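Notes for the structure review
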Amino acid sequence: MSEKKDIQLSLSAYTKILCHVMQYPYTAVNGILLTAEGSENKEVLEVVDCVPLFHYNIPLAPMFIVALTQIEEYATNRDMKICGYYHANEYYSDSEMGAVATRIADKIADNCDDCCMFIVENDKLSYLASDVPFKAFLSSKTNERIDWRSTDKPRLQFGEKGLQMALKWSRSNSIVL
């Protein structure tokens, strides 16, 4: 496993996360982050897509296991793989990594080498033009324990590369919110 230092986020994934959060502002929401297959050797973790999941009763394990199985199949068919988790708390001023979000992210990190987690900062959603409203964390495994270290905010892929990333993954039957 290579030690990732930075996270890049495609405009497609960024937009899906924000649409999911803003569509359900009164409840917690979460989803799964995807990266391109074969990106293990890069120093940057590129999040190319995401799959919005729940916006109510997040801790229901059976539904989550079924959803992860379907997402894994979806990602495999499109040369992608699961690389992380995003979570937005239900309260406006709550941008902490709660027990449920940590537990889910730990399970995802158990099954992938390079894993990241975004916690949406709800109180910063009105400042979208100036800042990415996410706290970003990268996993590091030590003796069967997963630690989450804070990292810089993810960089958005603007311009030509961002457009290429978005077009490449949107051609393959993207999930509609």
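Provided above is the structure to which this section pertains.
Overview of the structure.

What counts and what doesn't
- Residues numbered from 1 in each chain as written.
- Predicted model: local features only at pLDDT ≥ 70, side-chain atom pairs only at ≥ 80, totals over all residues.
- Heavy atoms only, no water.
- Phe/Tyr/Trp six-rings, centres within 6.5 Å; stacked < 30°, edge-to-face > 60°.
- Helix = DSSP H or I, 4+ residues; strand = E, 2+ residues; numbered from the N terminus.
- Buried < 20%, exposed > 50% of the residue type's maximum accessible area, 1.4 Å probe, protein only.
- Pairing = 2+ DSSP bridges.
- Polar contact = N/O pair within 3.5 Å; in protein donor to acceptor, adjacent residues only side chain to side chain.
- Expected span 1.5 Å × (residues − 1).
- Arc of directions from axis to C-beta.
- Contact = heavy atoms within 4.5 Å.
- Core = buried A, V, L, I, M, F, W, Y, C linked by side-chain atoms within 4.5 Å.

**Examining the packing of aromatic side chains**
In total, this model carries four aromatic pairs according to the counting rule given. Ring centres 5.8 Å apart and planes at 70 degrees place the aromatic pair Y14 and F134 in the edge-to-face group. One end of the pair, Y14, is in helix α1 (residues 11-23); the other, F134, is in strand β7 (residues 134-142), with 120 residues separating them in the sequence. When sorted by exposure, Y14 lands in the same class as F134, which is buried.

**Overview of the pairing of strand β1 (residues 6-9)**
Put simply, side chains in a regular strand alternate between the two faces of the sheet. On β1, burial covers both faces: D6 and Q8 on one face and I7 and L9 on the other are all buried. Of the strand pairs in this sheet, β1 and strand β3 (residues 44-47) are connected by four bridges, and their pairing is parallel. Bridge pairing links L9 to V47 in β3.

**A few points about the side chain of D49**
Within the fold, D49 resides in strand β4 (residues 49-52). For D49, the side chain forms a polar contact with the side chain of K16, separated by 2.7 Å.

**Section: the pairing of β7**
Here strand β6 (residues 116-120) pairs with β7 via five bridges, running antiparallel. Within β7, the position partnered with C116 by the bridge is L138. Pairing analysis gives seven bridges linking β7 to strand β8 (residues 145-151), with the strands arranged antiparallel. Its bridge partner lying in β8, K141 is registered against I146. Hairpin connection, β7 to β8: the antiparallel pair is bridged by two residues, and N143 has positive phi, about 50 degrees.

**Section: helix α3 (residues 99-110)**
When the terminal C-alpha atoms of α3 are compared, their 16 Å separation across 12 residues agrees well with the 16 Å that a helix rising 1.5 Å per residue should span. Buried within α3 are the following residues: A101, I104, A105, I108 and A109. An end-on view of α3 places all buried positions within 140 degrees of arc, on one side of the element. Opposite the packed face of α3, turned more than 90 degrees from it, sit the exposed residues A99, R103 and K107. On its buried face, α3 is in contact with β2 (29-36), α2 (61-77), β5 (80-88), β6, β7 and β8.

**Here we look at α2**
Between its terminal C-alpha atoms α2 stretches 24 Å, which fits the 24 Å expected from 17 residues at 1.5 Å a residue. By the burial criterion, the buried members of α2 are F64, A67, L68, I71, Y74 and A75. Each buried residue of α2 sits inside an arc of 125 degrees when the element is viewed along its axis, so together they form one side. Opposite the buried face of α2, at more than 90 degrees from it, the exposed residues are P62, I65, Q70, T76 and N77.

**Describing the nonpolar core**
Among the nonpolar cores identified, the biggest contains 27 residues, and I32, L34, F64, Y85, I108, M117 and W148 are the most heavily contacted of them. Mapped by element, the contributors of at least two residues to this core are β2, α2, β5, α3, β6 and β8. A total of six residues in this core trace back to one element, the largest contributor, which is α2. Excluding residues within four positions of it along the chain, M117 makes contact with Y85, M97, A101, A105, K135, A136, F137 and W148. Judged by nonpolar contacts, the second largest core, of 24 residues, contains I7, Y14, V21 and L125.

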